[in-house]
Amino acid sequence: MANPDPKNNQNNRPFKLPILLLIVAALVLTLFGNRILDWFLSSEQKEVSYDTFLTAVAEDQIKEVDIGEEYIKYILRDDEKEIEYYAYRIPDSDISDVTNMLRRNEVSFQGVYAEEGGSFFVNWILMPAIMILGLSLLMRLIMGRGGEGGGFGGIGSIGKSKAKVYMEKETGVTFRDVAGQDEAKESLEEIIDFLHNPKKYTDIGAKLPKGALLVGSPGTGKTLLAKAVAGEAHVPFFSISGSDFVEMFVGVGASRVRDLFKEASKVAPAIIFIDEIDAIGRSRDSKFGGNDEREQTLNQLLAEIDGFDSSKGVVILAATNRPEILDKALLRAGRFDRRIIVDRPNLEGRYQTLQVHTRNINLADDVDLKKLAQATAGAVGADLANLVNEAALRAVRQGRKAVNQEDLLVSFEVVIAGTEKKGTVLTDIEKRIVAYHEVGHALVAALRKHAQPVSKITIVPHTSGALGYTMQMPEEEKYLRSKQELLTELETLLGGRAAEQTVFGIQTTGAANDIQRATELARRMVTQFGMSEKIGLMALAATQNEYLDGQAYMDCAQSTAADADSEVQKLLNGCYETARALLQENRSLLDEIALYLLQKETITGDELMAYVNADKLRLKGEIGEI
Ligand code: ADP
Ligand code: ZN
């Protein structure tokens, strides 16, 4: 899911105080429990002297006596209130006189082993129970987890899944609400048909897969797709998040899984959606550390998947962005053997997503969603939904009735690059450096054949920390990139630093991010794309996680790694020199554009190209100075 789970946040805070009180109460009970219990149980007590007791015996006033090791407890014959009198025994005094006398008076008496009544119950049952209760509450508190559903409900309700399973009778979401993702939809079509009419399949004897795994980055619409499947098939939608299963008490997760399947099969056909399945379905080898609770939950899940009768029409959809860490057992045939990739949207997909989300929004005439889609390469569905909403809010703030293109573009920057900080003051010299730095990037890109066109240059600082930035826009979606293009990208990235050095002869911290990105790219060229002569076609790094962040780890001898480092360095240095040479050759153009940017703070790609093209004509001698 794109949103951070709000339930978890609510849980802790409000219930800490009651839990604390309970712990204090448990401690008090543990320490003074006996006294308190006595106080409650017995009617009334009075301490008297031994002497008073002896007198009472002598005068035959006593009805009943308990003789303990330390004291004697008795009740008087004519006392309706049955007050218990205590008399402390005198050490070493001989009790036999007393017992003789009691016998004579036919008073019932008995020795008492433990000094206080009811103590077996208190000492062996109540106290341990209270202590366990207190300790477990203390642990919960320490682990930062309140009971779900409030207070201490969690303890009383172990085994009952409450609150965390969400059920929607009708999701109301259809494929029309999911933009793009045509391949995923196609794969899910069959499941919908199956849910509509299980009999058609079972009559032939066909077995449908019990589950499908939706794989893709966060915010690409996996939850939305699962809901749409339920909506299209008009079946109930049960959802639970894998991270909800990770509970404190061993056994809770497993019983929750059991309940979930029981509930779902009661109302079958139905969809069960398990978000973040990697939280429970992680591989059981110890690489990620063992966890009993998780393993139990996983085992229960596997048992349920194997156990239920798919002909009834329960289909499990699970979502993850890390399929590679899932336990192999989950992916075995008959379980989640279908994998449906939910990709980041391409240009067309983004365009359609924007259309879906602007369906109910008043758009001004100047809105060009196509252009916006072009500018948002890499954004996922959730980003775009967010962007459109921001734009609508902006329009309302400014008292307009419709959203215009500027709202959308500004919101794009809010969502992608942080809000514009108009108030941030750069000194004049800083501003000049930033301007040259950004124009350095832009000009290198503009002068090279293989570069992606620049769409915007700005020196207005953003909250994200960037003092300015140059935005490039690919003309078309590209899946393959040549070495030449990657080299140009390196030159463009290093163009900022090259400009600082060329114009001011200084190096600033502003280039840190550029350098990091350039290094990453160069490293991939060397270690993964086989683009350096020395290393050749050998892959030195393997990608660990394609769907989340694509991090790679090195997988080669140390000396090879050192060679790779020097190749990376060579690449970077070469590209930097090219960028510097290019800027030196075009120094006057660089100055012109930087000056213009300083005046306007933000310029478009078209304005940039106007300068560049005019310069070309001037060089050819076709027009004079402007
Ligand atoms: P995931 O489960 O993959 O993290 P979600 O399904 O929760 O992502 O998506 C979050 C939100 O982003 C959705 O509620 C929806 O508004 C929007 N969204 C994501 N993908 C799409 C899409 N393909 N079409 C329309 N909206 C989308
Ligand atoms: Zn830069």
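This structure is a prediction, so every number in the text was calculated from the model and none was measured.

Novice: I'm lost on the site of ligand 1 in this one. Help?
Specialist: The environment of ligand 1 is made up of 18 residues, and the closest members are Ala-179, Gly-219, Lys-222, Thr-223 and His-357. Separating an oxygen atom of ligand 1 from a backbone N or O atom of Gly-219 is a distance of 2.8 Å. Contact between ligand 1 and Ala-382: an oxygen atom at 3.3 Å from a main-chain N or O atom of the residue. Alone, ligand 1 offers 560 Å² of accessible surface; in the complex the protein occludes 87% of this.

Novice: Looking at this structure, how should I read the nonpolar core?
Specialist: Nonpolar side chains in soluble globular proteins tend to end up buried together. Counting residues in each nonpolar core, the largest one holds 47 residues, and the members touching the most others are Leu-443, Leu-490, Met-525, Ile-593 and Leu-608. Not counting residues up to four positions away in its chain, the partners in contact with Leu-443 are Leu-583, Asn-586, Leu-589, Leu-590, Ile-593 and Val-612. Residues Ala-212, Ala-226, Val-229 and Ile-340 belong to the second largest nonpolar core, which totals 28 residues.

Novice: Would you mind going over the pairing of strand β9 (residues 270-275) with me for this structure?
Specialist: Two faces belong to every sheet, and in a regular strand the side chains alternate between them. Of all six residues in β9, six are buried; the element is thus mostly enclosed. Burial of the side chains of β9 extends over both faces: Ala-270, Ile-272 and Ile-274 are buried on one face and Ile-271, Phe-273 and Asp-275 on the other. With five bridges joining them, strand β8 (residues 237-241) and β9 adopt parallel strand pairing. The residue bridging Phe-238 from the neighbouring strand is Ile-272, located in β9. Inspection of the sheet shows β9 paired to strand β10 (residues 314-320) by five bridges, in the parallel sense.

Novice: In this structure, what is going on with helix α19 (residues 428-447)? I would like to understand it.
Specialist: Two residues of an α-helix separated by three or four positions point the same way, owing to the 3.6 residues in each turn. With 20 residues, α19 should cover 28 Å at 1.5 Å per step; its first-to-last C-alpha distance of 28 Å lies within 8% of that length. Taken across its 20 residues, α19 has 14 buried, putting it largely inside the fold.

Novice: Honestly, the pattern of salt bridges in this entry has me stumped. Any pointers?
Specialist: Working definition: two side chains of opposite charge can pair if their charged atoms are close together. Within the structure shown, the criterion is met by 22 salt bridges. Note that Asp-177 and Arg-359 form a salt bridge whose closest N and O atoms lie 2.7 Å from each other. One end of the pair, Asp-177, is in the loop between β6 (166-168) and α7 (182-196); the other, Arg-359, is in the loop between α15 (347-357) and α16 (369-375), with 182 residues separating them in the sequence. Take Asp-177: its relative accessible area is 23%, and that puts it in the partly exposed class. By relative accessible area, Arg-359 is classed as partly exposed at 36%. When the shortest N-O distance is used, the salt bridge between Glu-263 and Lys-266 registers 3.3 Å. Separated by three residues within a single helix, Glu-263 and Lys-266 lie in helix α11 (residues 252-266), roughly one turn from each other. Through salt bridges that share partners, Arg-394, Arg-400, Glu-406 and Asp-407 make up one connected network.

Novice: Help me understand the coordination of the zinc ion (ligand 2) in this model?
Specialist: By definition of the ideal shapes, a tetrahedral metal site with four donors has angles of 109.5 degrees and an octahedral site with six donors has angles of 90 or 180 degrees. Around the zinc ion (ligand 2), the donor atoms from the protein are His-437 (NE2), His-441 (NE2), Asp-514 (OD) and Asp-514 (OD), and they sit 2.0 to 2.7 Å away. One can describe the donor arrangement at the zinc ion (ligand 2) as irregular, given that its four donor atoms subtend angles of 53 to 143° at the metal. Expressed as a motif, the donor residue spacing for the zinc ion (ligand 2) is H-x3-H-x72-D. Note that His-437 and His-441 are positioned in helix α19 at a spacing of four residues, about one turn of the helix. The exposure classification of His-437 matches that of His-441, with both residues buried.

Novice: How should the packing of helix α20 (residues 483-504) against helix α21 (residues 512-527) be read in this particular structure?
Specialist: Think of two packed helices as two axes; the pair is described by the angle between the axes and how far apart they sit. In contact at an axis separation of 9 Å, α20 and α21 are set at 160° when each is read in the N-to-C sense. Between α20 and α21, the angle is such that the two are roughly antiparallel. The chirality of how α20 crosses α21 is left-handed. In contact with Lys-483, Leu-486, Leu-487, Glu-489, Leu-490, Leu-493, Leu-494 and Arg-497 of α20, α21 contributes Asp-514, Ile-515, Arg-517, Ala-518, Leu-521, Ala-522 and Met-525. A breakdown of the residues in the contact of α20 with α21 according to their chemical character gives 10 nonpolar, no polar and five charged.

Novice: What is the right way to look at a negative patch on the surface in this model?
Specialist: A cluster of like negative charges, contributed by Asp-182, Glu-183, Glu-186, Glu-189 and Asp-343, occupies part of the molecular surface. Structurally, Glu-183 is set in helix α7. Overall, Glu-183 belongs to the exposed group, its relative accessible area being 70%.

Novice: Could you clarify how one ought to interpret helix α23 (residues 587-600) in this entry?
Specialist: For α23, spanning 14 residues, the distance from its first C-alpha to its last is 20 Å, which sits close to the expected 20 Å at 1.5 Å a residue. Where α23 is concerned, the buried positions are Leu-589, Leu-590, Ile-593, Ala-594, Tyr-596 and Leu-597. All buried residues of α23 project into a common sector of 160° when viewed along the axis, lining one side. Within α23, the exposed residues directed more than 90 degrees away from the buried face are Leu-595 and Gln-599. Looking at the buried positions of α23, the neighbouring elements they touch are α19, β12 (454-458), α20, α22 (558-585), β16 (602-604) and α24 (605-619). Phi turns positive, to about 70°, at Glu-601, one or two residues after α23.

Novice: Looking at this model, I keep getting lost on unusual backbone geometry. Mind explaining?
Specialist: Where the residue is not glycine, phi is negative for most of them; where a peptide bond is considered, it is trans in most cases. Positive phi values are uncommon outside glycine, yet Gln-181 reaches one of about 55°. Inspection of the secondary structure assignment puts Gln-181 in the loop between β6 and α7. Here His-234, not a glycine, exhibits a phi torsion of approximately 55°, which is positive.

Novice: It is not clear to me how the sheet that holds β12 should be interpreted in this structure. Could you clarify?
Specialist: Each strand in a sheet pairs with another by means of backbone hydrogen bonds, the pair being arranged parallel or else antiparallel. The three strands lie next to each other as β13-β12-β16, forming an open sheet whose pairing is antiparallel. Both edges of this open sheet fall to β13 (469-472) and β16, since each of them pairs with a single strand only. Direction aside, neighbouring strands of the sheet carry axes that sit 10° apart on average. Pairing of β12 with β16, which is carried by three bridges, proceeds in the antiparallel orientation. Each residue of the ladder has a partner; that of Thr-458, found in β16, is Thr-602. Contacting β12 and β16, α23 crosses the sheet at an angle of about 120° to β16.

Novice: Explanation requested: the packing of α19 against α20 in the structure shown.
Specialist: Packing of α19 against α20 brings their axes to within 7 Å, and their N-to-C directions diverge by 135°. For the element pair α19 / α20, the angle class is oblique. Read as a crossing pair, α19 and α20 show a hand that is right-handed. Of the residues in α20, those touching α19 at Ile-429, Arg-432, Ile-433, Tyr-436, His-437, Gly-440, His-441, Val-444 and Ala-445 are Glu-491, Thr-492, Leu-493, Gly-495, Gly-496, Arg-497, Ala-499, Glu-500, Val-503 and Phe-504.

Novice: Can you walk me through the environment of Tyr-469 in this structure?
Specialist: For Tyr-469, the location among the structural elements is in strand β13. Judged by its relative accessible area of 14%, Tyr-469 falls in the buried class. Separated by 32 residues in the primary sequence, Tyr-469 and His-437 place their C-alpha atoms 9.1 Å from one another.

Conventions used here
Residues numbered from 1 in each chain as written. Chains lettered and ligands numbered in written order. Predicted model: local features only at pLDDT ≥ 70, side-chain atom pairs only at ≥ 80, totals over all residues. Heavy atoms only, no water. Near = heavy atom within 4 Å. Polar contact = N/O pair within 3.5 Å; in protein donor to acceptor, adjacent residues only side chain to side chain. Areas by Shrake-Rupley, 256 points an atom, 1.4 Å probe, with all protein chains shown as cover. Core = buried A, V, L, I, M, F, W, Y, C linked by side-chain atoms within 4.5 Å. Buried < 20%, exposed > 50% of the residue type's maximum accessible area, 1.4 Å probe, protein only. Contact = heavy atoms within 4.5 Å. Helix = DSSP H or I, 4+ residues; strand = E, 2+ residues; numbered from the N terminus. Pairing = 2+ DSSP bridges. Expected span 1.5 Å × (residues − 1). Salt bridge = Lys/Arg side-chain N within 4 Å of Asp/Glu carboxyl O. Donors = N, O, S within 2.8 Å, 3.2 Å for Na, K, Ca; no water. Tetrahedral: all angles 85-135°; square planar, octahedral: opposite > 155°, others 65-115°. Axes fitted to C-alpha atoms, helices over the stretch in contact; angles between N-to-C directions. Parallel < 35°, antiparallel > 145°, perpendicular 65-115°, else oblique. Left-handed = near helix turned anticlockwise from the far one by under 90°. Nonpolar A, V, L, I, M, F, W, Y, C, P; charged D, E, K, R; others polar. Patch = residues over 30% accessible without salt bridge, like charges linked within 9 Å, V, L, I, M, F, W, Y side chains within 5 Å. Lys, Arg positive; Asp, Glu negative; His and termini not counted. Charge placed at Lys NZ, Arg CZ, Asp CG, Glu CD. Arc of directions from axis to C-beta.

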